[in-house]
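Survey of secondary and tertiary structure
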Amino acid sequence: MDRAQIEKISKALADATRLRIFEAISGTRHMNCGEIVSLRGITPATVSHHLKILSEAGLIVCRREGQFVYSEVVPETIESYTRALTKIASRKKTSRRRVKRN
C-alpha cells in the first residue's frame, strides 16, 4: 500500500461520524443507507456523503440490489492498512535504536 492510500484511509477514519458508520457496517454483513440513518440519527444526505468518502478510500464497497444500495466492508483494505502502519511503526523503532545516545 502506498503512502497516498495510507493517508486517504487515515483521513477517512479520522472523522468521528465516518468511524461510527464504518464500525456499524463492520458489525454486519452489509447495511443500506436507511439502516445507517436509523442507527446513527443523521440525515440520508450526510450518510451518503460519508459512504462516498469511505468507498473512495477503499474501506467499503457499495452494491445495488433492487431499490437498495448496500454497503459492506472490504477486509483486505483494513488488513493492508494495518500491515502498512505496522511497517511504518517498526521502521521508526529500528531507526531509534541506531541512534547513539550519550
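Summary of the structure given here. These numbers were taken from a predicted model, which means no experiment stands behind them.

A separate point is the overall build of the protein. Scanning the protein for helices and strands turns up five helices and three strands. Going through the 102 residues of the protein one by one, you find that 28% of them count as buried. Restricting to contacts in the protein with at least 6 residues of sequence separation, those with at least 24 account for 56%. Carbon and sulfur atoms make up 52% of the accessible area of the protein, which totals about 7000 Å².

This part is about the side chain of Arg18. Note that Arg18 resides in helix H2 (residues 16-26). Aside from chain neighbours lying at most four places away, what touches Arg18 is Lys11, Ala12, His49, His50, Ile53 and Leu54.

Right, let's get into the environment of Gly27. Take Gly27: it is sitting in the loop between H2 and strand S1 (31-32). A sequence separation of 46 residues divides Gly27 from Val73, and the C-alpha atoms of the two residues are 9.3 Å apart.

Any aromatic ring pair is given by two values, namely how distant the centres are and how the planes are angled relative to each other. Inspection of the entire model under this criterion finds one aromatic pair. Centre to centre, the rings of Phe68 and Tyr70 are 6.2 Å apart; their planes meet at 50°, and the pair counts as tilted. For Phe68, a relative accessible area of 38% translates into the label partly exposed.

Calculation rules
One numbering rule holds for all chains: residues counted from 1, following each sequence as written. Given that the model is predicted, a residue must reach a pLDDT of at least 70 before its local features are reported, and side-chain atom pairs must reach 80 or more before they are shown or counted; all residues, however, enter totals for whole chains, interfaces and linings. Side-chain metrics rest on all non-hydrogen atoms present in the structure, leaving aside hydrogens and water. By the criteria applied, helices consist of DSSP H or I runs no shorter than four residues and strands consist of E runs no shorter than two, each listed in order from the N terminus. Between buried and exposed lies partly exposed: a residue is buried under 20% and exposed over 50% of the maximum accessible area for its type, with that area taken using a 1.4 Å probe on protein chains only. Here, two residues are considered to be in contact whenever any of their heavy atoms come within 4.5 Å of each other. Every accessible area reported is derived by Shrake-Rupley at a probe size of 1.4 Å, with residue values counting cover from the shown protein chains alone. In this scheme Phe, Tyr and Trp rings, the latter by its six-membered ring, pair at centre separations within 6.5 Å, and the angle between planes marks the pair as stacked below 30 degrees, edge-to-face above 60, and tilted otherwise.

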